[in-house]
Amino acid sequence: MNMGIISGVFKNKCPYCYQGDVFKGFLTMNKRCPSCDQVFLKEEGYYLGSMIAAYFFSAFSVIPVFVVGAFYFQLEINLLILIGSIQVIVLSPILYRYSTILWLWLETIFTKNT
Ligand SMILES: [Zn+2]
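Predicted model only: the values in this text are computed from it and were never measured.

Along its length, the chain carries three helices and zero strands. Listing every helix and strand of the chain by position from the N terminus yields α-α-α. Here the C-alpha radius of gyration of the chain, 17 Å, is well above what a compact globule of 114 residues would show, namely 13 Å. Taken over the C-alpha atoms alone, the chain extends approximately 55 × 25 × 25 Å along its principal axes. Taking all contacts inside the chain whose residues are at least 6 apart in sequence as the whole, residues at least 24 apart take part in 45%.

Structure (structure tokens):
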């Protein structure tokens, strides 16, 4: 069974076998795939690159709130910054989870045939 990157990331599936879950809890990651035994927790700092994805996810999630707040509700910039900051803090566990899985999938896609 083959799986696309978007469905694989949102279904929390292993990019190698498409069966095992990457995360066993909401924020707790499996050290190895429960299905194919592929190592998920690789070397120290491996998932630092996922911070780039989390940064873009958080930036793009704030933009619509800023646009609606500024042009529709005509809120002050200080209030918009406060709302955006609270939004990113609240969303950070979700961003961590999906950016980590995305990073694992991207690494697998780009190194599978090398
Ligand atoms: Zn697997």
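Mapped onto the fold, Phe-56 is located in helix 2 (residues 50-72). A residue is classified by how many C-beta atoms lie within 10 Å of it, and Phe-56, with 12 of them, is exposed. Separated by 39 residues in sequence, Phe-56 and Leu-95 have C-alpha atoms that sit 9.7 Å apart.

Among the nonpolar cores identified, the biggest contains nine residues, and these are Val-9, Cys-14, Val-22, Phe-40, Ile-101, Leu-102, Trp-103, Leu-104 and Trp-105. In terms of residue count, the dominant contributor to this core is helix 3 (residues 77-111) (five residues). In contact with Val-9, not counting residues within four places along its chain, are Tyr-98, Ile-101, Leu-102 and Trp-105.

A separate point is the packing of helix 2 against helix 3. Contact geometry of helix 2 with helix 3 gives a least axis separation of 8 Å together with a crossing angle of 145 degrees. Two packed elements cross with a definite hand, and for helix 2 against helix 3 that hand is right-handed. Residues Ser-50, Ala-53, Ala-54, Phe-57, Ser-58, Ser-61, Val-62, Val-65, Phe-66, Gly-69 and Ala-70 of helix 2 touch helix 3, and the partners they reach there are Leu-80, Ile-83, Gly-84, Gln-87, Val-88, Leu-91, Leu-95, Tyr-96, Ser-99, Thr-100, Leu-102 and Trp-103. For the contact of helix 2 with helix 3, a count of residues per class yields 15 nonpolar, eight polar and no charged.

Between its first and last C-alpha atoms helix 3 spans 44 Å; for 35 residues at 1.5 Å apiece the expected length is 51 Å, and the helix comes up short by more than 12%. Bending of helix 3 peaks at approximately 50 degrees at the position of Ser-92, with proline Pro-93 no more than four residues after it. Of all the positions in helix 3, only Arg-97, Ser-99, Thr-100, Ile-101, Leu-102, Trp-103, Leu-104 and Trp-105 are classed as buried. Packing partners of the buried residues in helix 3 comprise helix 1 (5-10) and helix 2.

Conventions used here
- Residues numbered from 1 in each chain as written.
- Predicted model: local features only at pLDDT ≥ 70, side-chain atom pairs only at ≥ 80, totals over all residues.
- Helix = DSSP H or I, 4+ residues; strand = E, 2+ residues; numbered from the N terminus.
- Rg over C-alpha atoms; globule rule 2.2 N^0.38 Å.
- Contact = placed C-beta atoms within 7 Å.
- Buried ≥ 20, exposed ≤ 12 C-beta atoms within 10 Å, placed from the backbone.
- Core = buried A, V, L, I, M, F, W, Y, C linked by C-beta atoms within 7 Å.
- Axes fitted to C-alpha atoms, helices over the stretch in contact; angles between N-to-C directions.
- Left-handed = near helix turned anticlockwise from the far one by under 90°.
- Nonpolar A, V, L, I, M, F, W, Y, C, P; charged D, E, K, R; others polar.
- Expected span 1.5 Å × (residues − 1).
- Bend = angle between axes of the 7 residues up to and from the residue.

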